[in-house]
Amino acid sequence: MDYLQRMKQKCEVLRKQKKVRILAIESSCDETSVAVVENGRKVLSNIISSQIDIHRHFGGVVPEVASRNHILNIIPLIDQALDSAKLTLSDIDAIGVTQGAGLVGALLVGLTTAKALCFACDLPLINVNHIQGHIAANYIAFPKLTPPFMCLLTSGGHTAIIHVKDYIDFHLIGTTQDDAIGEAFDKVARVLGLEYPGGAKIDKLATGVKPNIEFIQHDIMAGSFDISYSGLKTAVINYVHKLEQKGEKIDVPQICASFQAEAVDMLVSKAVRACNEVGEKKLVLAGGVAANSYLRAKLDTLSKKAGIELYYPPKEFCTDNAAMIGSIAYYQLLTKDPADLSISALANIPL
Ligand code: KG4
Ligand code: ZN
């Protein structure tokens, strides 16, 4: 019997097994991470090696440098994740790995390692969508949370409002037509001279500052669930450049607070409107920008008013980690066939 047939049969057995332990690998951008997750919810280990300090010198992620560092990190991290879970490879039932979206060279390191492990240990390969992983971070944080719910996904590469009908059944309600919100935060931070990745620094500098600058007059996507950040981003950049040309003082905390408020306000109102329109009473935040304090506070208020239950993961589960990949891999294993060893990495991947 060939590998794929054998793995399909193995997954049928695993679906009836009480405990399923997945070794999960994430390498889509500048974090190498390996985790062991039991039944999609219990994190036995989650080791993250961030390359932020390396890429900071360049003001952003350099894809080739990221790939090279993933190669250096990946095997030691697998050893650490197994050691920390007090397990060996023989205790692992399947390998979950991010197939996309992300930097292809970076993804290939995790994917090739996962394929090699599956081939050597005769394990099923579960090819995960990174965005679905971000959503699943909430299953780890909230053991009782189950779909359906509305999700506001706000990461460095994606911004979307998604109706999560079931663990592996997603309906896209609206998405950005240009930049992602995290990308806008990072680019604004850069023009303000803040180090990469600037999102968290904008958040910190904006604390306690009352916004008083209006960068754009209105949301060009108002009325739709889609979003645009390139206009706001360009308006902030032009504002800063004009002050620089005139030699005037740049009030960095004020610009941070005003930009953050505009970026977040247009998004949160759409997320709440989407809940109301679909009749969904649960709203779940996901992705790196879900760590933003203004976003969390604003949604706390809006959702209370609208009678919506709000969920957001702890900050360490907002940004990239392999535990979230292990969580979604489990639910994928329960409902979908495993992947063949011929699959490749995907820069973009539909929901
Ligand atoms: O989800 P993530 O780890 O990467 C992608 O999958 O794209 O998100 C990283 C993004 C970066 O743009 C970073 O600046 C942003 O999340 N971020 C924040 C905060 N913490 C991280 N943005 C705003 N406020 C924060 N506190
Ligand atoms: Zn991510």
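Check the entry above for the structure.
Conventions used here
Residues numbered from 1 in each chain as written. Chains lettered and ligands numbered in written order. Predicted model: local features only at pLDDT ≥ 70, side-chain atom pairs only at ≥ 80, totals over all residues. Heavy atoms only, no water. Near = heavy atom within 4 Å. Polar contact = N/O pair within 3.5 Å; in protein donor to acceptor, adjacent residues only side chain to side chain. Areas by Shrake-Rupley, 256 points an atom, 1.4 Å probe, with all protein chains shown as cover. Helix = DSSP H or I, 4+ residues; strand = E, 2+ residues; numbered from the N terminus. Nonpolar A, V, L, I, M, F, W, Y, C, P; charged D, E, K, R; others polar. Pairing = 2+ DSSP bridges. Axes fitted to C-alpha atoms, helices over the stretch in contact; angles between N-to-C directions. Contact = heavy atoms within 4.5 Å. Expected span 1.5 Å × (residues − 1). Buried < 20%, exposed > 50% of the residue type's maximum accessible area, 1.4 Å probe, protein only. Arc of directions from axis to C-beta. Parallel < 35°, antiparallel > 145°, perpendicular 65-115°, else oblique. Right-handed = clockwise from strand over helix to strand, strands pointing away. Donors = N, O, S within 2.8 Å, 3.2 Å for Na, K, Ca; no water. Tetrahedral: all angles 85-135°; square planar, octahedral: opposite > 155°, others 65-115°.

### Thoughts on the site of ligand 1
Link 1 in the chain: As a structural note, the neighbourhood of ligand 1 is formed by 19 residues, with Gly156, Gly157, Asp186, Asp203 and Gly288 the closest of them.
Link 2 in the chain: The separation between an oxygen atom of ligand 1 and a polar main-chain atom of glycine 156 is 2.9 Å.
Link 3 in the chain: Note that an oxygen atom of ligand 1 is positioned 2.6 Å from one of the side-chain N or O atoms of aspartate 186.
Link 4 in the chain: When isolated, ligand 1 has an accessible area of 560 Å², and the protein chains bury 87% of it.
Link 5 in the chain: At the level of elements, α5 (130-141), α6 (181-191) and α7 (199-206) are the ones that each hand at least two residues to the shell around ligand 1.
Link 6 in the chain: By residue class, the composition of the shell around ligand 1 is five nonpolar, 11 polar and three charged.

### With respect to the sheet that holds strand β7 (residues 159-166)
Link 1 in the chain: Pairing in this open sheet of five strands is mixed, and the strands run β8-β7-β6-β9-β10 from one edge to the other. Where the open sheet ends on each side, the last strands, each with one partner, are β8 (169-175) and β10 (309-311). Along the sheet, successive strands turn relative to each other by an average axial angle of 25°, direction set aside.
Link 2 in the chain: For β7 and β8, the ladder comprises six bridges, and the chain directions are antiparallel. In the sheet register, valine 164 faces β8, and the bridge partner there is phenylalanine 170.
Link 3 in the chain: Its contacts with the sheet put helix α9 (residues 252-278) on β6 (149-154), β7, β8 and β9 (282-286), and the angle it makes with β6 is roughly 160°.

### Focus: helix α1 (residues 3-16)
Link 1 in the chain: Helix length check: α1 (14 residues) gives 21 Å between terminal C-alpha atoms against 20 Å at 1.5 Å per residue, within 8%.
Link 2 in the chain: Those residues of α1 not exposed but buried are Tyr3, Leu4, Met7, Cys11 and Leu14. Take α1 and look down its axis: the buried residues cluster within an arc of 80°, on one side only. Seen from the buried face of α1, the exposed residues on the opposite side, beyond 90 degrees, are Val13 and Lys16.
Link 3 in the chain: Buried residues in α1 make contact with α4 (104-121), β5 (125-129) and α11 (322-335).

### Some remarks on the environment of leucine 267
Link 1 in the chain: Take leucine 267: it is sitting in helix α9.
Link 2 in the chain: On the basis of relative accessible area, leucine 267 is assigned to the buried category, the value being 0%.
Link 3 in the chain: Along the chain, leucine 267 and isoleucine 161 lie 106 residues apart, while their C-alpha atoms are 8.9 Å from each other.
Link 4 in the chain: Setting aside anything within four residues of it in sequence, one finds leucine 267 in contact with Leu152, Thr154, Thr159, Ile181, Ile227 and Tyr229.

### Remarks on the packing of α7 against α9
Link 1 in the chain: It is at 8 Å that the axes of α7 and α9 come closest, and there the two elements cross at 110°. Compared by their axis directions, α7 and α9 come out roughly perpendicular. Between α7 and α9, the contacting residues are Ile202, Asp203, Leu205 and Ala206 on the first element and Val252, Pro253, Cys256, Ala257, Phe259 and Gln260 on the second.
Link 2 in the chain: When its residues are assigned to classes, the contact of α7 with α9 shows eight nonpolar, one polar and one charged.

### Considerations on the pairing of strand β4 (residues 94-100)
Link 1 in the chain: Across the seven residues that make up β4, a large majority, seven, are buried.
Link 2 in the chain: The pairing of strand β1 (residues 21-26) with β4 spans four bridges and is classified as parallel. Across the sheet, residue isoleucine 22 finds its bridge partner in β4, namely alanine 94.
Link 3 in the chain: In this fold, the crossover linking β4 to β5 by way of α4 has right-handed handedness.

### Some words on the coordination of the zinc ion (ligand 2)
Link 1 in the chain: Those protein atoms acting as donors to the zinc ion (ligand 2) are His130 (NE2), His134 (NE2) and Asp320 (OD), and they sit at 2.0 to 2.1 Å.
Link 2 in the chain: Bound by four donor atoms, the zinc ion (ligand 2) shows angles of 96 to 129° at the metal and therefore tetrahedral coordination geometry.
Link 3 in the chain: Donor residues for the zinc ion (ligand 2) sit on one chain with the sequence pattern H-x3-H-x185-D. Of this pair, histidine 130 sits in helix α5 while aspartate 320 sits in the loop between β10 and α11, and the two are 190 residues apart along the sequence.
Link 4 in the chain: A residue is classified by how much of its surface remains accessible, and histidine 130, at 6% relative accessible area, is buried.
Link 5 in the chain: For aspartate 320, a relative accessible area of 13% gives the class buried.

Everything listed here is a matter of geometry and, on its own, says nothing about what the molecule does.
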